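Chain and residue survey
Residue strings, one per chain:
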Amino acid sequence: MKKIIYLSFVLLLFVACDKEDETILVKYRVSDAFASTTVTYRNADNELISETVDFESAEDLWQFGMEKKRGDIVYLSAVYQDSTSSVRLEILVDGKIYKSGSSVQEPFKYLTISGTVPY
């Protein structure tokens with residue numbers, strides 16, 4: 001009986017340790033914008049990348065996906081200059097919204113969401 005309990009404990013420990021190295025699908029999404037918007041994000045190599053996206057309508061969508069490990073930093077930021085525009089930011093972890101934020105008619109103000117991939 002003690003051997004079964006010990007073996008169960010060892011298996012549980014092995015499975016728990018395996019999950020730390022597991023990669024998680026992370027996706028950044030920018031939507032609800034209809035003007036030129038500068039998007040800055042942290043990629044899989046932890047570099048900050050900045051690019052300008054020309055949204056033509058509120059239905060346009062920009063997204064970027066990658067694999068990250070638990071505990072890795074995720075970061076998404078956007079700024080627009082058109083006073084009639086807006087923007088919605090989302091960070092999805094394994095297809096579920098982890099962080100989100102939005103801005104409406106607030107030009108030249110950075111909207112930023114960030115965090116770490118949960119364990």
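In case you missed it, the structure is sitting above this.
A brief structural summary. (Residues numbered from 1 in each chain as written. Predicted model: local features only at pLDDT ≥ 70, side-chain atom pairs only at ≥ 80, totals over all residues. Heavy atoms only, no water.)

Judged by nonpolar contacts, the single largest core of 22 residues is most densely connected at Y28, V30, W62, L76, V87 and L89. At the level of secondary structure, the elements contributing two or more residues to this core comprise β1 (23-31), β2 (36-42), β4 (62-69), β5 (73-80), β6 (86-93) and β8 (111-116). Once residues within four sequence positions are removed from consideration, V30 is found in contact with V39, F55, D60, L61, W62, L76, V87, R88 and L89. (Core = buried A, V, L, I, M, F, W, Y, C linked by side-chain atoms within 4.5 Å. Buried < 20%, exposed > 50% of the residue type's maximum accessible area, 1.4 Å probe, protein only. Helix = DSSP H or I, 4+ residues; strand = E, 2+ residues; numbered from the N terminus. Contact = heavy atoms within 4.5 Å.)

Here S103 is to be found in strand β7 (residues 96-104). Residue classification places S103 among the buried positions, given a relative accessible area of 4%. With sequence-adjacent residues up to four places away left out, S103 is seen in contact with Y80, S86, V87 and L111.

Our next topic: unusual backbone geometry. You will see that N46, though not glycine, has its phi angle at about 65°, which is positive. In this structure, N46 sits in the loop between β2 and β3 (48-54). The phi torsion at D94 lies on the positive side, around 50°, for a residue other than glycine. Along the polypeptide, D94 turns up in the loop between β6 and β7.

In this section: the pattern of salt bridges. For the structure shown, the criterion picks out 3 salt bridges. Ionic pairing is found between R29 and E90, a salt bridge with its closest N-O pair at 2.7 Å. With R29 in strand β1 and E90 in strand β6, this residue pair connects regions lying 61 residues apart in the sequence. Judged by its relative accessible area of 25%, R29 is partly exposed. Take E90: its relative accessible area is 7%, and that puts it in the buried class. In this structure, R88 engages E90 in a salt bridge whose closest nitrogen and oxygen atoms are separated by 3.4 Å. Taking relative accessible area as the criterion, R88 reaches 27% and is therefore assigned partly exposed. (Salt bridge = Lys/Arg side-chain N within 4 Å of Asp/Glu carboxyl O.)

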